[in-house]
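Structural overview
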Amino acid sequence: MRKRRTLAALAALTLTLLPAACGGTPGSGGDDNKLTFFSWDGEETMKPVIAKFEEQNPGLKVEFSNAPPVAEYISTLQSRILAGTAADVFVIAAENKTNLINGKHVVDLRDKPFLKNVPEFNQATYSGPDGAVYGMSVASWGAGILYNKDLLAKAGATTVPQTWDEFLALCHKLKSAGVTPYLESVQAMSTPLAAFLGARNAADGGTMDTKIFDGSAKFKDYWVEPLTQWSRLWTEGLVTRGVVGLTGDQVRTEFATGKAAMMVAGPWDVPGVREAAPKLKIEMAPIPRIDGGTPYLAGAASPGYAINTKAKNPEAAEKFLTYLNAPEAMALYQKATGAITVTTDFEPKLDPALTPIVKDVRAGNVYLPQIAWKRAEDILNVEATAQLQLLVQGKATPEQVANALDTKLASTS
């Protein structure tokens, strides 16, 4: 999955849209020589893939547009769906899958040949209650902590922490040594918080969110302790409260230039760090454990490619998904993004820094609240992000954050 951003970055929304050609009525009579595609990956990532597809399909042109994730992309797609101008192919994500599926805006792909090499975990992530599969997810992601091994050595650390207490102790040592210990952007769901919740959900037999959404439990029953542990980064003075204004790009720049020893990261961050600092010794690891649990990763099956039920060129849309799943396209995409691809007929060349997380990512041992939530995930995600920012700023307590989510969920019933 690529970098996740929130409405705070709305002013930076960039849409890359080629001149539109005339189209026909949905599903028939459209321009057989044009396919429309709306993505949250940028033109730099998708242009090589699209160029190869067009080369193999002479006369067929892809009209590409994009908006950055998450909130900007989802709001733009929603507006286009309501206006009847949504692309033939677009991205289905954790935060909008329920609305797209329940609104019957996406085609059932379950019997399509291009799904045969997609693992069950990825298919299930974008499936409906009827067993239909509505998105082709060809990668998975796990986010944890990316460590600068040289800076850790300054604090006498030779291995990465396994417990959250050890992690915080390392932060204190780094700070005492004059090193900024850790940074994360809080413009989206927190990676450590998601990992804490994932470990707790696994220990609960995977029933945590089912209980919250069927009313037999509440957010406050599960979230308060993980929120309390995460907030120690600020209550213990290890991270400035001003981090609330940092984007993921800014955090990565601070890390790549040696100004921070540790950062929250996903596979998509590694290529940028390598490009900026080729000699930096880095390693990624799961989020250290709390409550005597196990280290865990935030993560999910990556957003999938979906076909609009009102596609003007559905035949070309299927051709495009078939190509996106082919080893040639996978290689181009993986090179640009560093993604941990999962299709069975392509073996990606992954950065060695990702080695500690690859097995768990491919096994589906990852957790993301927005994927696990049973309804209103878009509404709850916006609320959660806002509440986490208040917590970081010292304007809300863990109990208040959890209660706000319970109130918001009750309002969606």
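Look a little higher up for the structure.
Residues numbered from 1 in each chain as written. Predicted model: local features only at pLDDT ≥ 70, side-chain atom pairs only at ≥ 80, totals over all residues. Heavy atoms only, no water.

**Topic: the overall build of the chain**
Test applied: A run of H or I in DSSP counts as a helix once it spans at least four residues, and a run of E counts as a strand once it spans at least two, with each numbered from the N terminus. To get the radius of gyration, use the C-alpha atoms; to get the globule rule, take the number of residues to the power 0.38 and multiply by 2.2 Å. A simple rule labels every residue: compare its accessible area, found with a 1.4 Å probe on the protein chains alone, to the largest value its type can have, and call it buried under 20%, exposed over 50%, or partly exposed in between. The contact criterion used is simple: two residues touch if any of their non-hydrogen atoms lie within 4.5 Å. Accessible surface area values rest on a Shrake-Rupley calculation with a 1.4 Å probe, where residue burial reflects the displayed protein chains alone. Charged-residue counts in this description rest on Lys and Arg as positive and Asp and Glu as negative, His and the chain ends being excluded. We put the charge of a Lys on NZ, of an Arg on CZ, of an Asp on CG and of a Glu on CD.
The number of helices and strands found in the chain is 17 helices and 11 strands. For the chain, the C-alpha radius of gyration of 21 Å lies close to 22 Å, the compact-globule estimate for 413 residues. On the principal axes, the C-alpha backbone points of the chain span a range of 65 × 50 × 40 Å. Per-residue burial for the chain yields a buried fraction of 56% across its 413 residues. Contacts in the chain between residues at least 24 apart in sequence constitute 75% of all its contacts with a sequence separation of at least 6. Counting every atom, the chain has about 17100 Å² of accessible surface; 52% of that belongs to carbon and sulfur. Distance from the positive charge centre (41 side chains) to the negative charge centre (43 side chains) of the chain: 3 Å.

**What to know about the packing of helix α7 (residues 191-203) against helix α9 (residues 219-235)**
The following threshold applies: What counts as an axis is a line fitted to C-alpha atoms, over the stretch in contact for a helix, and the angles between N-to-C directions run from 0 to 180 degrees. Angles below 35 degrees are treated as roughly parallel, those above 145 as roughly antiparallel, those between 65 and 115 as roughly perpendicular, and all remaining angles as oblique. Handedness of a crossing is defined here by the sense of rotation of the near helix relative to the far one, left-handed for an anticlockwise turn of less than a right angle and right-handed for a clockwise turn. All amino acids are sorted into three groups, where Ala, Val, Leu, Ile, Met, Phe, Trp, Tyr, Cys and Pro are nonpolar, Asp, Glu, Lys and Arg are charged, and the leftover types, Gly among them, are polar.
Close contact between α7 and α9 brings their axes to 9 Å; oriented N to C, the two are set at 135°. Looking at the two axes, α7 sits oblique to α9. You can see that α7 and α9 cross each other, and the crossing is right-handed. Within the contact between the two elements, α7 uses P192, L193, F196, L197 and R200 and α9 uses D221, Y222, W223, E225, P226, L227, Q229 and W230. A per-class count over the contact of α7 with α9 returns 9 nonpolar, 1 polar and 3 charged.

**So, the sheet that holds strand β9 (residues 304-307)**
Sheets are built from strands paired through backbone hydrogen bonds, the pairs being either parallel or antiparallel. What counts here: Pairs of strands are assigned from DSSP output, requiring at least two bridges between the strands.
Spatial ordering of the open sheet is given by β2-β1-β3-β9, a layout of 4 strands whose pairing is mixed. Sheet topology places β2 (61-66) and β9 at the edges, where each strand pairs with a single neighbour. Between one strand and the next, the sheet's axes are offset by a mean angle of 30°, whatever the strand orientation. With 2 bridges connecting them, strand β1 (residues 34-39) and strand β3 (residues 89-92) associate as parallel partners. By the bridge assignment, F38 is partnered in β3 with F90. In this fold helix α1 (residues 43-56) packs onto β1, β2 and β9, with an angle of close to 170° to the strand it touches most, β2. Contacts from helix α2 (residues 71-83) reach β1, β2 and β3, with the element oriented near 140° to β1.

Read these as geometric descriptors, not functional statements.
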